[in-house]
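The chain contents come next:
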Amino acid sequence: YYFYACCLDDTEQSYVESYYRAAMYLQQTDDVFARLQARFEKYGARSASPAKSLYRAFNWQSKAQLGLDVLRQARTLRPEDQELIIFSLQELLYHGQLTDFDQLFEQNQHLLSQSQCWYWLAKKAAWQGELTEAAGFYRQCFELTPWQSNVADAYFAALRRCGENDLIIQELEKLASL
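Right, let's walk through the structure included here. A quick note: this is a predicted structure, and the numbers were derived from the prediction, not measured.

## Structural notes on unusual backbone geometry
Even without a glycine there, the phi angle at Ser62 is positive, about 60°. Counting through the fold element by element, Ser62 comes out in the loop between helix H4 (49-60) and helix H5 (64-77). We classify Ser62 as exposed; its relative accessible area is 70%.

Structure representation (structure tokens):
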């Protein structure tokens, strides 16, 4: 069924990934990799989804570096795709590729909003264990987008890890008064 769903609409990310998961369970992944590669070659210049699917398949097979190479190739096809850049930043950070993260961030900072820039600087600082610095970046981001849950959650978590419970209460009181 997953194969048919994938064939009916090979642009639908969830169908493709369900197909891969089913093939993984059945230990028949070679054909899926060929299909995902073909999908990336066919649609990679039009959408970030094929690159993300192929990346995830490599990642699930513990071949993250090959997946990161796919993302790098996709960014050459779609150099101003903000979704792809953000996904790549997330995955580079997840895999501890800080040099590549810094390079990608620096090259594409102009495509991100100020809030997104602070968010990614905060994520990197938190990843490195610089919680006070992360909280500072999250604060800048939080001031611009206080109702965005991923920002608020990350900001309050950073404050909590820094032991800044009084500041958390102050921030919540400010929000309550808005």
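## Here's the deal with the nonpolar core
Of all hydrophobic cores here, the largest spans 49 residues; its most connected members are Leu89, Tyr138 and Phe156. Among the elements that take part in this core, helix H10 (residues 149-161) stands out by supplying 7 residues, more than any other.

## Quick look at H4
Between its first and last C-alpha atoms H4 spans 16 Å; for 12 residues at 1.5 Å apiece the expected length is 16 Å, and the two agree. Counting buried positions over the 12 residues of H4 gives 9, a clear majority of the element. Looking at H4, one finds that the buried residues are Ser49, Pro50, Ala51, Lys52, Ser53, Leu54, Tyr55, Ala57 and Phe58. Downstream of H4 by a residue or two, Ser62 has a phi angle that is positive, lying close to 60°.

## Digging into the packing of aromatic side chains
The full count for this structure, using the stated rule, is 9 aromatic pairs. On the numbers, 5.6 Å between centres and 85° between planes, the contact of Tyr55 with Phe87 is edge-to-face. In this pair, Tyr55 sits in helix H4 while Phe87 sits in helix H6 (residues 82-94), placing the two residues 32 residues apart along the sequence. Taken together, a centroid distance of 5.0 Å and an interplanar angle of 35° make the contact between Phe142 and Tyr155 tilted. Linking Phe142 in helix H9 (residues 131-144) with Tyr155 in helix H10, this pair joins segments that are 13 residues apart in sequence. By relative accessible area, which is 4% here, Phe142 ends up buried. On the accessibility criterion, Tyr155 (1% relative accessible area) is buried.

What counts and what doesn't
Residues numbered from 1 in each chain as written. Predicted model: local features only at pLDDT ≥ 70, side-chain atom pairs only at ≥ 80, totals over all residues. Heavy atoms only, no water. Helix = DSSP H or I, 4+ residues; strand = E, 2+ residues; numbered from the N terminus. Buried < 20%, exposed > 50% of the residue type's maximum accessible area, 1.4 Å probe, protein only. Core = buried A, V, L, I, M, F, W, Y, C linked by side-chain atoms within 4.5 Å. Expected span 1.5 Å × (residues − 1). Phe/Tyr/Trp six-rings, centres within 6.5 Å; stacked < 30°, edge-to-face > 60°.

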